[in-house]
Amino acid sequence: MISSVQIVEVGPRDGLQNEKSVVATEVKVDLLNRLSAVGFAHIEVTSFVSPKWVRQLADASEVMEQMKRRAGTTYSVLVPNLQGVHKAVAAKADEIVIFTAASETFCQKNINCSIEQSFERYAPVADLVKANGLRLRGSISCSFGCPYEGEVPVSSVVKVVKRLHELGCDEIDLADTIGVGTVKRVKELIAAASREFPIHHLAGHYHDTFGQALANILASVEAGLATFHSSVAGLGGCPYAPGATGNVATEDLLYLLHGLGLDTGIDLDEVVSIGDFICQAIGRPNASKAGRAMLAKRSS
């Protein structure tokens, strides 16, 4: 069994982009600075996409410029095209994230092209990323199920894993976009995907719509996966299941991993404080069960 786990904190990007009210740039920067100070080795900062599509992240360049960087932390950004890469390079991002899907319908709905067309679009993106000496990460939406097509065959996900590998990705995310994954499916997919791409470069991105995120992470750990995405205070939501939680909370993930005796390099108590800060700053409830429990214990 693995002895340590790397957490990719996605709250600043995948979490805040789902907020209905625009979050002030200074709040985003403060959140990022706090996360960096705690010692996260990998933080997903923002996305260089058109403000027309993601209004919350229109200040991507300002956020990248104003935040304090910690040596040893990888700061990643999502990009949809070459224009996004140029902006990301100018903003001194460490890693570029490209995103496709294992479902044709979702790919069309999400990025307005087929899976094949997404790879045609990303080929020059990958070349430019590598030419600038940056890391390239590929994220596969709907790896465990699609809101339009339902169950997605493992073979469909594996095909995309293989294509991302050929494109030159350093890391690949298996994303449970709508949180329908189960332990059985997780084990099947990790086994199949790791035959096409090294398991130590695969990451699990699990949503908690059906309350299965922690169970799926435990199954992933047992299968040898050692990188997971999470969002402080459970920031983010699931647009296809109104009222359901989206990203698994970082506090809940840390509680699980530390209970297993796994090293994360992160202090849970400090992350609980960060979760409390961001929830108060943007006026939303804390979605982390561990976070709420520890805050209640503090107040008593």
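Predicted model, so just to flag it, every value in this text is computed and none were measured.

Draft legend 1. Molecular detail of the overall build of the protein. Regarding its fold elements, the protein presents twelve helices and eight strands. The C-alpha radius of gyration of the protein comes to 18 Å, within 12% of the 19 Å expected for a compact globule of 300 residues. Buried positions account for 56% of the 300 residues belonging to the protein. Partitioning the contacts of the protein with sequence separation of at least 6, the portion at a separation of at least 24 is 73%. Separation between the mean location of the 28 positive side-chain charges and that of the 33 negative ones in the protein comes to 2 Å.

Draft legend 2. Spotlight on the side chain of Ser143. Examined against the element boundaries, Ser143 turns out to sit in the loop between β5 (135–141) and α7 (154–167). According to the relative accessible area criterion, Ser143 is buried, its value standing at 0%. Contact partners of Ser143, with chain neighbours within four places excluded, come to Val157, Leu174, Ala175, Arg185 and Leu189.

Draft legend 3. Here's a closer look at the layout of surface pockets. Of the volumes computed, that of the largest pocket is approximately 1100 Å³. Elements with a minimum of two residues in the lining of the largest pocket: α1 (11–15), β2 (42–47), α4 (82–90), β4 (95–101), α5 (104–111), β5 and β6 (171–176). Per-element accounting of the lining of the largest pocket gives the leading share, four residues, to α5. For the lining of the largest pocket, the residue count by class is 13 nonpolar, 16 polar and eight charged.

Draft legend 4. Summary view of the nonpolar core. Counting 92 residues, the largest nonpolar core has Leu31, Val79, Ile98, Ile140, Leu164, Leu174 and Tyr206 as its most contacted members. For Ile140, the residues in contact, after removing those within four places along its chain, are Thr100, Ala101, Ala102, Val157, Val160, Val161, Leu164, Ile172, Asp173, Leu174 and Ala175.

Draft legend 5. Geometry of the environment of Ile190. On the secondary structure map, Ile190 appears in helix α8 (residues 183–193). Between the C-alpha atoms of Ile190 and Leu202, which are twelve residues apart in sequence, the distance is 8.5 Å. Dropping the residues within four chain positions of it, Ile190 is found in contact with Leu174, Ile199, Tyr206, Ser220, Ala223 and Leu225.

Draft legend 6. Highlighting the packing of aromatic side chains. For the structure shown, the criterion picks out two aromatic pairs. A ring pair is formed by Tyr206 and Phe228, whose centres lie 6.5 Å apart and whose planes are at 35°; its orientation type is tilted. On the criterion of sequence distance, the pair formed by Tyr206 in strand β7 (residues 202–206) and Phe228 in strand β8 (residues 227–230) is long-range, its members being 22 residues apart. The structure contains a cluster of three or more aromatic residues connected by ring pairs, namely Phe144, Tyr206 and Phe228.

Draft legend 7. Main features of the pairing of strand β1 (residues 6–9). As defined by bridge partners, β1 adjoins β8 across four bridges and the pair is classed as parallel. In the strand pairing of β8, Glu9 is matched with Ser230.

Draft legend 8. Focus on empty space enclosed by the protein. On inspection of all chains with the given rule, the structure shows one cavity of 30 Å³ or more. Forming the boundary of the largest cavity are Pro12, Leu16, Lys28, Leu32, Val45, Thr46, Leu57 and Val63. Contributions of two or more residues to the lining of the largest cavity are made by α2 (25–38) and β2. Of the residues in the lining of the largest cavity, the class split is six nonpolar, one polar and one charged.

Draft legend 9. Structural view of helix α12 (residues 289–299). For α12, every residue scored as buried is listed here: Ala290, Gly291 and Leu295. End-on view of α12: buried residues confined to an arc of 130°, all on one side of the axis. Facing away from the buried side of α12, by more than 90 degrees, are the exposed residues Lys289 and Lys297. Contact partners of the buried residues in α12: α10 (250–259) and α11 (268–282). Where α12 begins, the capping side chain belongs to Ser288, and its oxygen is found 3.5 Å from the backbone nitrogen of Ala290.

Here is what the cut-offs are and how they apply
- Residues numbered from 1 in each chain as written.
- Predicted model: local features only at pLDDT ≥ 70, side-chain atom pairs only at ≥ 80, totals over all residues.
- Heavy atoms only, no water.
- Helix = DSSP H or I, 4+ residues; strand = E, 2+ residues; numbered from the N terminus.
- Rg over C-alpha atoms; globule rule 2.2 N^0.38 Å.
- Buried < 20%, exposed > 50% of the residue type's maximum accessible area, 1.4 Å probe, protein only.
- Contact = heavy atoms within 4.5 Å.
- Lys, Arg positive; Asp, Glu negative; His and termini not counted.
- Charge placed at Lys NZ, Arg CZ, Asp CG, Glu CD.
- 1 Å grid on protein atoms, 1.4 Å probe; cavity = no way out; pocket = protein on both sides within 12 Å on 5 of 7 lines; lining within 4 Å.
- Points joined across faces, edges and corners; volume = space filled by probe spheres on them.
- Nonpolar A, V, L, I, M, F, W, Y, C, P; charged D, E, K, R; others polar.
- Core = buried A, V, L, I, M, F, W, Y, C linked by side-chain atoms within 4.5 Å.
- Phe/Tyr/Trp six-rings, centres within 6.5 Å; stacked < 30°, edge-to-face > 60°.
- Pairing = 2+ DSSP bridges.
- Arc of directions from axis to C-beta.
- Polar contact = N/O pair within 3.5 Å; in protein donor to acceptor, adjacent residues only side chain to side chain.

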